[in-house]
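Given next are the chains, with one letter for each unit.
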Amino acid sequence: MARINMVEAINMALRQEMMRDADVVILGEDVGADGGVFRVTEGLLHEFGPDRIIDTPLSELALVGAGVGMAAYGLKPVVEIQFMAFLYEGLEQLYAHASRIRARSRGRFSCPLVVRTPYGIGIKGPELHSESSEAVLCHMPGLKVVVPSNPYNAKGLLASAIRDPDPVVFMEPSRLYRSIKAEVPEESYAIPLGKADVFQEGKDITVIAWGRMFNDALDATEGFDCEVIDLMTLKPFDEETVLNSVKKTGRVVIVHEATGYCGLGAEIAAFLAEEAMMHLKAPIVRVTAPDAVVPMARLEDYYVPSKEAIRKAFEEVMKY
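Residues numbered from 1 in each chain as written. Predicted model: local features only at pLDDT ≥ 70, side-chain atom pairs only at ≥ 80, totals over all residues. Heavy atoms only, no water.

Engineer: So what about the layout of surface pockets? Which residues, and what values?
Structural biologist: Quantified by volume, the largest pocket comes out at close to 310 Å³. Around the largest pocket, the lining is made up of 19 residues, and of these Glu131, Ser132, Ser133, Ala258 and Thr259 lie nearest the centre. Among the elements of the structure, α6 (134-138) and β13 (252-259) are those that each provide at least two residues to the lining of the largest pocket. Of the residues assigned to the lining of the largest pocket, the class counts are ten nonpolar, five polar and four charged. In this structure, the second largest pocket spans a volume of roughly 240 Å³. Residue lining of the second largest pocket: Ala135, Val136, Cys138, His139, Leu234, Lys235, Phe237, Cys262, Gly263, Leu264 and Glu267, and that is the complete set. Of all elements in the fold, only α6, β12 (233-235) and α10 (264-275) reach the threshold of two or more residues within the lining of the second largest pocket. Looking at which element gives the most residues to the lining of the second largest pocket, the answer is α6, with three residues. (1 Å grid on protein atoms, 1.4 Å probe; cavity = no way out; pocket = protein on both sides within 12 Å on 5 of 7 lines; lining within 4 Å. Points joined across faces, edges and corners; volume = space filled by probe spheres on them. Helix = DSSP H or I, 4+ residues; strand = E, 2+ residues; numbered from the N terminus. Nonpolar A, V, L, I, M, F, W, Y, C, P; charged D, E, K, R; others polar.)

Encoded structure:
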């Protein structure tokens, strides 16, 4: 079992899924000879050739649209978008076509499309390179949204996303690409979509997070008896696991990198208010970015939720 980073784990998953299924193809800007902007697809062009590793023009609208067409006709395209904000150009294809094909055709067709994109703060990029827009995607019926938090679940979740018959946006926390390593089996494996991971058990506070913020929230739990849930699949999220944990602890802190207003944390909080109100011992607390656009590099560390802010939320709910 190798100890590898997230870039290597995703590359391994892509290679193994392409070996497993000849219908899997990769397309995107610079994914071939250059190996992608973060080198996630490095080496795959040499191994699988230009018919399956396809460099595309600079047009996210055309790129996602081509992926939708390929998926509708039986291929399993994996589309790489270089940075999450670049996906905004392709939202029309996701909203109007990819997410609706099954409903539009009354189940006769599906759209086994995966859109991979790095997201979030941490690489000190220029404007529109550090977005965290998962709530926009989660609002889309028919679309699944997945976020890994470490190399092990990145590999297993991506395998499941590629094998899924419906469209999946696979958000990769760029801050974690090379900053952490984990033991990852060399053989192929899949982690089911729609299931959360209770990474750490506890009795006082349920902490719900994903991606980079899962790791920060976990680090912040020292001195508190927290049950920490890595959501992994954001749409559909694992309601049963979340609900069972909250019934046990009675206190909830939700942590995410995106802005709080209409963020996914609001949906989770609303769900728990409807389903677990009688089990709550304290108000639900969200720790999020402010309602502002992602700032330039010098202000990134003031924008992203800090471990101190997370610990303050723990202290707040423990007053009850």
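Engineer: Now, about the packing of helix α1 (residues 6-20) against helix α7 (residues 151-163): what can you tell me, with residues and values included?
Structural biologist: When two helices pack together, their arrangement is captured by the angle between the axes and the distance separating the axes. Contact geometry for α1 and α7: axes closest at 8 Å, N-to-C directions at 30 degrees. Classified by the angle their axes make, α1 and α7 are roughly parallel. In this structure, α1 meets α7 at a crossing whose hand is right-handed. Counting all contacts with α1, which are made through Met6, Ala9, Ile10, Met12, Ala13, Leu14, Gln16, Glu17 and Arg20, the residues of α7 involved are Pro151, Ala154, Lys155, Leu158, Ala159, Ile162 and Arg163. (Axes fitted to C-alpha atoms, helices over the stretch in contact; angles between N-to-C directions. Parallel < 35°, antiparallel > 145°, perpendicular 65-115°, else oblique. Left-handed = near helix turned anticlockwise from the far one by under 90°. Contact = heavy atoms within 4.5 Å.)

Engineer: Residue-level account of the side chain of Arg52, with values.
Structural biologist: For Arg52, the position within the fold is in the loop between α2 (44-48) and β3 (53-55). At 3.0 Å, the side chain of Arg52 and the backbone oxygen of Asp21 are in polar contact. Setting aside residues no more than four positions away along its own chain, Arg52 makes contact with Met18, Asp21, Ala22, Val24, Val25 and Ile26. (Polar contact = N/O pair within 3.5 Å; in protein donor to acceptor, adjacent residues only side chain to side chain.)

Engineer: Outline the sheet that holds strand β11 (residues 226-230), listing residues and values.
Structural biologist: Judged by pairing direction, the sheet is mixed, and its five strands sit side by side in the order β9-β11-β10-β13-β14 without closing on themselves. Looking along the sheet, the strands with just one partner apiece sit at the ends: β9 (197-200) and β14 (285-289). Looking at each pair of strands side by side, their axes are set apart by 25 degrees on average, direction ignored. As paired elements, β13 and β14 share four bridges and run parallel to each other. Residue Val253 lies in a different strand from β14, and its bridge partner there is Val285. Contacts between helix α12 (residues 307-317) and the sheet are confined to β10 (205-209), β11, β13 and β14, with β14 contributing the most and set at about 165 degrees to the helix. (Pairing = 2+ DSSP bridges.)

Engineer: Would you mind going over the nonpolar core in detail, with residue names and values included?
Structural biologist: Membership of the largest hydrophobic core comes to 44 residues, with the highest contact counts inside it found for Leu94, Leu137, Trp210, Leu231 and Leu272. Here the element with the most residues in this core is α10; it accounts for five residues. If we ignore the near neighbours within four places in the chain, the residues touching Leu231 are Lys195, Ala196, Ile208, Ala209, Trp210, Phe237, Val242, Leu264 and Ile268. In terms of nonpolar packing, the next biggest core, distinct from the first, is built from 35 residues, Val7, Met12, Ile53 and Ile162 among them. (Core = buried A, V, L, I, M, F, W, Y, C linked by side-chain atoms within 4.5 Å. Buried < 20%, exposed > 50% of the residue type's maximum accessible area, 1.4 Å probe, protein only.)

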